[in-house]
Amino acid sequence: MPVAFIDLAAQRARIGARLTESMLKVVESGAYIQGPAVRELEAKLAEFGQAKLALTCANGTDALVLPLKAWGIGPGDAVFCPSFTFASTAEVVPWTGASPVFVDIDPVTYNIDPASLEAAILEVKARGELTPRVVIAVDLFGQPADYPKIKALCDRHNLKLIADSAQGFGCTLNGLHPLHWADIATTSFYPAKPLGCYGDGGAVVVDDAGLAERIDSLRVHGKVVASDLAGRTFDHDPKYLSMRIGLNSRLDTLQAAVLLEKLAIFEDEIAARNRVAARYNEGLAPHVLRTPQVIAGGVSTWAQYTIEHADRDGLAQHLKAQGVPTAVYYPAPLHRQPAFDIYPAVGGALAVTDAAAMTVISLPMHPYLTEADQDLIIAAVAAYQG
Ligand SMILES: *Cc1c(COP(=O)(O)O)cnc(C)c1O
């Protein structure tokens, strides 16, 4: 059998019976939207993520736009983010009318380089066209960004901080989740993410109850929330009162039921992913330009295991011929893509981002990768003579 890039069937073999039972319960309950499993999941996500509150939503992209809307980000505002990331991170910014400003990455971790972030903030301030408002840091491939340094810059320049943890939900730095530094952390439950469901889904974790309440309103069409009612009377049921322009971004009860089962084994799966990564590092280090390195004090969820190779495309072909699938995240950085090349990149060029895009290649990674399959993959990489 060929090796799987991400083996969801292996996970099903472990918890499939429980999953089927949980899903059937939801189907029979009739509570398909905002059912009890959604509330239960939100409580468990908050606990898992060291947060006061968690709110689920329709996908990881909405999870990013919800806080931007809650803060009133709009035309004339600058939102700083990396270019070496999935489109969602930057896409949500123009939705609000604001402008993304692309920042370069650290060559070792692929996460925002604090020095480049500082240069970008100063550049935007010097130009005077946009107002710096928000930083979206990404926990790329599963490892935490350099939050202590990023947070210090946000404090100095009065910026909000979002942790885009779509790939890294569950990652920690010195034992703390990104929310310790960020105003809000977001995640995606897209099936291939480390904590995925069987469709689309997303969530935010947050400590600020006021921010959570505004997001709760926004995710359900701008519905009335408690603070909207305080001190007011209505001559009709306020249930259908629209207080702000919102969206429809709810998590299905079925997906919540799936996620409750998966969250129960998530810590164990993160540990397994870390064992796989450590074994890869050892076997691959002599054969490639770079094996992944996690920030000091950090624990990655290993959404991807990404190496660098001088002949990345040749290696991909060679591995494919041996039944080993690979993927490239990301071959074209956002600031070079048609949808995004109109937005500023700090200094007009992102040298580290461009260089990484040429050499990165991701290997099969999931908690159920056997040592035998891993040995086969390592041997196949070692045998490539490029
Ligand atoms: C997957 C992903 C998202 C968006 O998630 P969806 O659920 O697909 O909307 C956002 N940011 C990053 C970095 C991602 O990898």
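None of these values were measured; they are calculated from a predicted model. (Residues numbered from 1 in each chain as written. Predicted model: local features only at pLDDT ≥ 70, side-chain atom pairs only at ≥ 80, totals over all residues. Heavy atoms only, no water.)

Chemist: Please provide a residue-by-residue account of the site of the ligand, values included.
Modeler: The environment of the ligand is formed by 14 residues, the closest being G60, T61, D164, S188 and K193. At 2.6 Å, a side-chain N or O of S188 approaches an oxygen atom of the ligand. For the ligand, the protein covers 93% of the area, taking 380 Å² as the surface of the free molecule. Among the elements of the structure, helix 3 (60–70) and helix 4 (88–95) are those that each provide at least two residues to the shell around the ligand. (Near = heavy atom within 4 Å. Polar contact = N/O pair within 3.5 Å; in protein donor to acceptor, adjacent residues only side chain to side chain. Areas by Shrake-Rupley, 256 points an atom, 1.4 Å probe, with all protein chains shown as cover. Helix = DSSP H or I, 4+ residues; strand = E, 2+ residues; numbered from the N terminus.)

Chemist: Explain the packing of helix 10 (residues 266–284) against helix 13 (residues 371–383) residue by residue, including any values.
Modeler: With their axes 10 Å apart at the nearest point, helix 10 and helix 13 run at an angle of 30 degrees to one another. If you check the angle between helix 10 and helix 13, you find them roughly parallel. Helix 13 is crossed by helix 10, and the crossing has right-handed handedness. Where helix 10 approaches helix 13, its residues V276, R279, Y280, G283 and L284 are matched on the opposing element by E371, Q374, D375, I377, I378 and V381. For the contact of helix 10 with helix 13, the per-class residue count stands at 6 nonpolar, 2 polar and 3 charged. (Axes fitted to C-alpha atoms, helices over the stretch in contact; angles between N-to-C directions. Parallel < 35°, antiparallel > 145°, perpendicular 65-115°, else oblique. Left-handed = near helix turned anticlockwise from the far one by under 90°. Contact = heavy atoms within 4.5 Å. Nonpolar A, V, L, I, M, F, W, Y, C, P; charged D, E, K, R; others polar.)

Chemist: Lay out the nonpolar core with the relevant residues and their values.
Modeler: In this structure, L45, F80, L117, V135, I136 and I150 are the most contacted members of the largest nonpolar core, which totals 83 residues. In terms of domain composition, this core takes at least three residues from each of domain 1 (8–264) and domain 2 (267–383). (Core = buried A, V, L, I, M, F, W, Y, C linked by side-chain atoms within 4.5 Å. Buried < 20%, exposed > 50% of the residue type's maximum accessible area, 1.4 Å probe, protein only. Domains from an automatic or database assignment.)

Chemist: Could you give me a rundown of unusual backbone geometry, with the residues and numbers involved?
Modeler: Cis rather than trans, the peptide bond between Y329 and Y330 has omega equal to 5 degrees. Structurally, Y330 can be placed in the loop between helix 11 (312–321) and helix 12 (351–359). In the Ramachandran plot, Q50 falls in the positive-phi region, its phi being about 50 degrees despite a non-glycine side chain. Looking at the secondary structure, you find Q50 in the loop between helix 2 (36–48) and strand 1 (53–57). Although it is not a glycine, N174 adopts a positive phi angle of roughly 50 degrees. Summarising the element assignment, N174 is placed in the loop between strand 6 (172–173) and strand 7 (184–188). Overall, the relative accessible area of 55% leaves N174 in the exposed class.

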